[in-house]
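Topology and contacts: notes
Single-letter residue listing:
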Amino acid sequence: MSEASHTVDPSFQLLVQQLHQAEGPQLLVADENLRAAPLNQLPTETTSLITNRYDLYLQAKLLGFNCYYNDFDFSSFPDNSFNQILYRVSKEKPVTHHIINDTRRLIPNGGTLILSGAKTDGIKTYTEKAADYFGSHATAKKHGNIYCATISRLSSQEPPLDDKNYPQLRPCISSDHLQLYSKPGLFGWNKVDQGSEFLAEHLSDFFKCFDKAPEHLLDLGCGYGYLAIMAHRHTDAIITATDNNAAAITACSKNFSLVGINGAAIAADCAEGIDQEFDAIICNPPFHQGFSTDRSLTERFVASCHRHLKPGGMALFVVNRFVPLEGCAENLFQISPFGENKGFKLVLLKKPQK
């Protein structure tokens, strides 16, 4: 997402202050909360960055950071690698617990873990748990509506926090006689999204709209791959799935292999960097930023769909009924309603022939 599309998380500014005050190697742990963060404010000489978002990884790489894109896998870092680790706590408890658990090994005695976040993020509880785990004491200090805590690493044999075995893919979704793999760190990781399920019910009708069977299909924002797997039952097309989230790519790749799909899961931010054009696209896009609807997200997915569809190609979107997809798409596509229920609507987009 472009920086202009989002409000910068205020917790980031507290981390910036801490980064500039410390000496020696430092690690910034960045997830979706920092997707609009101005990383150019950080010192590249002493700061490394690890993130599970491909857009943040590309941004950091362009700025010259030593950066890593993965599902918060810290195993490549030796013990005592960083004098300080900074982390704006995540929305999901297993993610936050996993990161706190792994960072203890990476900090020498006397080093620090900096946590920031809002009260509603559970920052006070995370601070207490991290302090116990690090063998020290800490209090989250209030800065406006945001809290920040500095936790010193001392000798400790405390057991790790319960992260629900965060790194492990697991078969946890039963769908039409399939056991699909997923994991914490993905939105709706242990269930079938209602919107995706509604779209899947209409995939047979979608493929009947084509005069010629599609040869290449794109699942835009694939998650663990549910829509692509359901589409595979109705088409012999080569399927490309793409997502910004590292856990999504890992889970989707596993499920593609499990089902025997001819295709690949590719890390990309809204399919940026994928040059191929496709005969068909399926998409259940995110449409919320925080607690409000973000029109820019919808616009971005529609624009990506237009770039990646062949002339005459068609896309099937599912969105909440209140999302103004048609208004975002009317200047680019021929639009047809394709279905509606109490919560969702399906919209068919056809790219005009040149």
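Our subject is the structure listed above.
The next point concerns the overall build of the protein. A tally of helices and strands in the protein yields 10 helices and 18 strands. Relative to the compact-globule value of 20 Å for 354 residues, the protein shows a C-alpha radius of gyration of 22 Å, a close match. C-alpha extents for the protein along the principal axes are approximately 65 × 40 × 35 Å. Going through the 354 residues of the protein one by one, you find that 55% of them count as buried. Sequence-distant contacts in the protein: of pairs separated by 6 or more residues, those separated by 24 or more amount to 66%. A total accessible area of about 15,800 Å² is found for the protein, and carbon and sulfur atoms account for 48% of it. Within the protein, the 38 negative side-chain charges are centred at a point lying 3 Å from the centre of the 32 positive side-chain charges.

Below, the discussion takes up the sheet that holds strand β13 (residues 278-283). Read from one edge of the open sheet, 7 strands run β12-β11-β10-β13-β16-β18-β17, paired in mixed fashion. If you trace the sheet from one side to the other, it starts and ends with β12 (263-267) and β17 (334-340), each paired once. Within the sheet, the average angular offset between the axes of one strand and its neighbour, ignoring direction, is 20°. Here strand β10 (residues 216-220) pairs with strand β11 (residues 238-243) via 5 bridges, running parallel. Looking across to β11, one finds that H216 is bridged to I238.

What follows is about helix α3 (residues 93-106). Compared with the 20 Å implied by 1.5 Å per residue over 14 residues, the 21 Å span of α3 between its first and last C-alpha is a close match. Where burial is concerned, most of α3 is hidden: 11 out of the 14 residues are buried. Residues of α3 that are buried: P94, V95, T96, H97, H98, I99, I100, N101, T103, R104 and L106. Looking at the buried residues of α3, the elements they touch are β1 (26-30), β4 (84-88), β5 (112-118) and α4 (123-133).

The next thing to look at is the layout of surface pockets. The computed volume of the second largest pocket comes to approximately 290 Å³. For the second largest pocket, the lining is made up of 15 residues, of which F210, D211, K212, G312 and G313 are closest to its centre. Here the lining of the second largest pocket takes 5 residues from strand β16 (residues 309-320), the largest share from any one element. For the lining of the second largest pocket, the class distribution of residues is 6 nonpolar, 3 polar and 6 charged.

This brings us to α4. The complete set of buried residues in α4 reads I123, Y126, T127, A130, A131 and Y133. In an axial view of α4, the angular spread of the buried residues amounts to 160°, which keeps them on one side of the axis. Positioned one or two residues after α4, G135 has a phi angle of 75°, which is positive.

About the criteria used
- Residues numbered from 1 in each chain as written.
- Predicted model: local features only at pLDDT ≥ 70, side-chain atom pairs only at ≥ 80, totals over all residues.
- Heavy atoms only, no water.
- Helix = DSSP H or I, 4+ residues; strand = E, 2+ residues; numbered from the N terminus.
- Rg over C-alpha atoms; globule rule 2.2 N^0.38 Å.
- Buried < 20%, exposed > 50% of the residue type's maximum accessible area, 1.4 Å probe, protein only.
- Contact = heavy atoms within 4.5 Å.
- Areas by Shrake-Rupley, 256 points an atom, 1.4 Å probe, with all protein chains shown as cover.
- Lys, Arg positive; Asp, Glu negative; His and termini not counted.
- Charge placed at Lys NZ, Arg CZ, Asp CG, Glu CD.
- Pairing = 2+ DSSP bridges.
- Axes fitted to C-alpha atoms, helices over the stretch in contact; angles between N-to-C directions.
- Expected span 1.5 Å × (residues − 1).
- 1 Å grid on protein atoms, 1.4 Å probe; cavity = no way out; pocket = protein on both sides within 12 Å on 5 of 7 lines; lining within 4 Å.
- Points joined across faces, edges and corners; volume = space filled by probe spheres on them.
- Nonpolar A, V, L, I, M, F, W, Y, C, P; charged D, E, K, R; others polar.
- Arc of directions from axis to C-beta.

Note that all results are geometric; they support no functional claim without further evidence.
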